[in-house]
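Structural characterization, general
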Amino acid sequence: MSEKHLQTGDVLPPYSGKLRVFAMRFCPYAERTVLTLNAKNIPYDLVFINLDQKPEWIFNFSPKGTVPALEYEPGKALFDSNIINVYLDEKYPEIPLQASDPLRRAQDKILVESFAPAQSAYYTAAFNAQALEPSMVETYHKGLEGLQKELETRSTKYLHGDEPGWVDYTLWPFLERFEALPLIGKAEFAIDKTKYERLVTYIEAMKNVPAVKSYFLAAETHAKFIESRAKGDANYNMLDTSAVCCMRPRKKKE
Ligand SMILES: N[C@@H](CCC(=O)N[C@@H](CS)C(=O)NCC(=O)O)C(=O)O
């Protein structure tokens, strides 16, 4: 899979017949959809988009040009990670990811909602050059504490149960990125092993889930991308290995 992000002027690749996801490699919302498809064993194609120089055709799939968008039939698409993922779970019920109990489904949605302020605090810490307000750090840790408490109350390996589900795949992309914050000098955002013992066990377990593992990026990689974007020059193609091909020394002809 090429990790190159298509941009203004680039041609839309032909539709292969599989579901197609428009994404950006470092976008946590797009990662939610990728993990959902992986977990449900649904084949798909990925098209990465440069969000600073969007290709014209992205607006045919996502009216505001945001990712993820899911092309479910040629030229027809859905957008917004939560909408896409619930659609996928209902359309392809063989491996269900949402809780079967309506009450638990509602509680999972509440958990996702109550984690949103911690996500916003992450965005501020990562991309806002101004000094951080202490309340942001507090909000972030409140989110982590809430998650840890829920893991303790539920007493299961994952929030969903013995296997991860919708709630885990929805929250995970942010936890993956939170570990990058201390690497960019935001030490107050570190997830301390003593304070967050249960949460850290959960984070380590999630890293080994096959659906996550195949798309996982290390904290160092996220940190590099964050730094490039914070400087106003997001390095979308930093993982694109196809560029390396042309720099390899050519074999001399015999
Ligand atoms: N609520 C949306 C948020 C998607 C979103 O904000 N994606 C960002 C990238 S991480 C984006 O497309 N930004 C480009 C833009 O806003 O123009 C979802 O859950 O899918």
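One numbering rule holds for all chains: residues counted from 1, following each sequence as written. Residue-level local features of this predicted model are given only where pLDDT is at least 70; pairs of side-chain atoms are given and counted only at 80 or more, and the full residue set underlies all totals for whole chains, interfaces and linings. Each side-chain value is worked out from all heavy atoms of the structure, with water and hydrogens disregarded.

We now examine the packing of helix α3 (residues 102-127) against helix α5 (residues 166-178). Orientation of α3 relative to α5, taken along the N-to-C sense of each, is 15°, at an axis distance of 10 Å. If you check the angle between α3 and α5, you find them roughly parallel. Considering how the two elements wind past one another, α3 and α5 form a crossing that is left-handed. From α3, Asp108, Lys109, Leu111, Val112, Phe115, Ala118, Gln119, Tyr122 and Tyr123 reach across to α5, where they touch Trp166, Val167, Thr170, Leu171, Phe174, Leu175, Arg177 and Phe178. Residues are grouped as follows: nonpolar covers Ala, Val, Leu, Ile, Met, Phe, Trp, Tyr, Cys and Pro; charged covers Asp, Glu, Lys and Arg; every other residue, Gly included, is treated as polar. Each residue belonging to the contact of α3 with α5 can be placed in one class, and the counts come to 12 nonpolar, 2 polar and 3 charged. Note on geometry: axes are lines fitted to C-alpha atoms, helical ones only across the stretch in contact, with angles between N-to-C directions running from 0 to 180 degrees. Segments assigned H or I by DSSP are reported as helices when at least four residues long, segments assigned E as strands when at least two residues long, and all are numbered from the N terminus. Throughout this description, any angle smaller than 35 degrees is read as roughly parallel, any larger than 145 degrees as roughly antiparallel, any in the 65 to 115 degree range as roughly perpendicular, and the remainder as oblique. Note on convention: near helix rotated counterclockwise from far helix by under a right angle means a left-handed crossing. Clockwise means right-handed. Any two residues whose heavy atoms approach within 4.5 Å at even a single point are treated as in contact.

A molecule or strand has a residue near it when one of that residue's heavy atoms lies within 4 Å. Surrounding the ligand, one finds Cys27, Pro28, Tyr29, Leu51, Lys54, Thr66, Val67, Pro68, Asp80 and Ser81. Lys54 places a side-chain nitrogen or oxygen 2.5 Å from an oxygen atom of the ligand. Any pair of N or O atoms that falls within 3.5 Å is considered a polar contact. Within protein, one atom must be able to donate a hydrogen and the other to accept it, and sequence-neighbouring residues count only if both atoms are side-chain atoms. Contacts to the ligand include Val67, whose backbone N or O atom sits 2.8 Å from an oxygen atom. Protein chains shield 69% of the accessible area of the ligand, which is 510 Å² for the free molecule. Of the residues contributing to the shell around the ligand, the split by class is 6 nonpolar, 2 polar and 2 charged. Reported accessibility uses the Shrake-Rupley method at a 1.4 Å probe radius. Residues are deemed covered only where the shown protein chains occlude them.

UniProt positions are given in the numbering used here, feature names are shortened, and annotations may be inferred rather than shown by experiment. In the numbering used here, UniProt assigns the feature "domain: GST N-terminal" (unreviewed entry) to residues 17-96. Counting secondary structure, residues 17-96 comes out at 29% helix and 25% strand; the distance between its end C-alpha atoms is 23 Å.

Moving on to the layout of surface pockets. If you add up the space inside the largest pocket, you get close to 450 Å³. Taken together, 24 residues form the lining of the largest pocket, with Cys27, Tyr29, Leu51, Val67 and Tyr123 sitting closest to its centre. Of all the secondary structure elements, the ones that give two or more residues to the lining of the largest pocket are α1 (28-39), α3 and α8 (219-230). Sorting elements by how many residues they give to the lining of the largest pocket places α8 first, with 4 residues. Tallied by class, the residues present in the lining of the largest pocket amount to 15 nonpolar, 4 polar and 5 charged. Three or more residues apiece are contributed to the lining of the largest pocket by two domains, here domain 1 (5-91) and domain 2 (102-228). Using a grid of 1 Å spacing that covers the protein atoms alone, one calls a set of points a cavity when a 1.4 Å probe fits there but cannot get out, and a pocket when the set is open and has protein on both sides within 12 Å along at least five of seven lines; lining residues are those with an atom within 4 Å of a point. Grid points are joined across faces, edges and corners, and a volume is the space filled by probe spheres set on the points. As annotated, the domain borders come from an automatic or database domain assignment.

In this scheme Phe, Tyr and Trp rings, the latter by its six-membered ring, pair at centre separations within 6.5 Å, and the angle between planes marks the pair as stacked below 30 degrees, edge-to-face above 60, and tilted otherwise. Scanning the model with the defined rule gives 14 aromatic pairs in all. Centroid distance Phe22 to Phe61: 4.4 Å. Interplanar angle 25°. Geometry classified as stacked. In this pair, Phe22 sits in strand β2 (residues 19-23) while Phe61 sits in the loop between β3 (44-49) and β4 (69-73), placing the two residues 39 residues apart along the sequence. Ring plane angle 40° and centroid distance 5.5 Å describe the contact between Tyr122 and Phe178, whose orientation is recorded as tilted. Taken as a pair, Tyr122 in helix α3 and Phe178 in helix α5 lie far apart in primary sequence, 56 residues in all. Comparing Tyr122 with Phe178 shows no difference in burial state: the two are buried. Each residue gets one of three labels from its accessible area relative to the maximum for its type: buried under 20%, exposed over 50%, partly exposed in between, using a 1.4 Å probe on protein chains only.

Attention now moves to the environment of Pro134. Relative to the assigned elements, Pro134 resides in helix α4 (residues 134-154). Residues Pro134 and Phe225 lie 91 residues apart in sequence; the distance between their C-alpha atoms is 25 Å.

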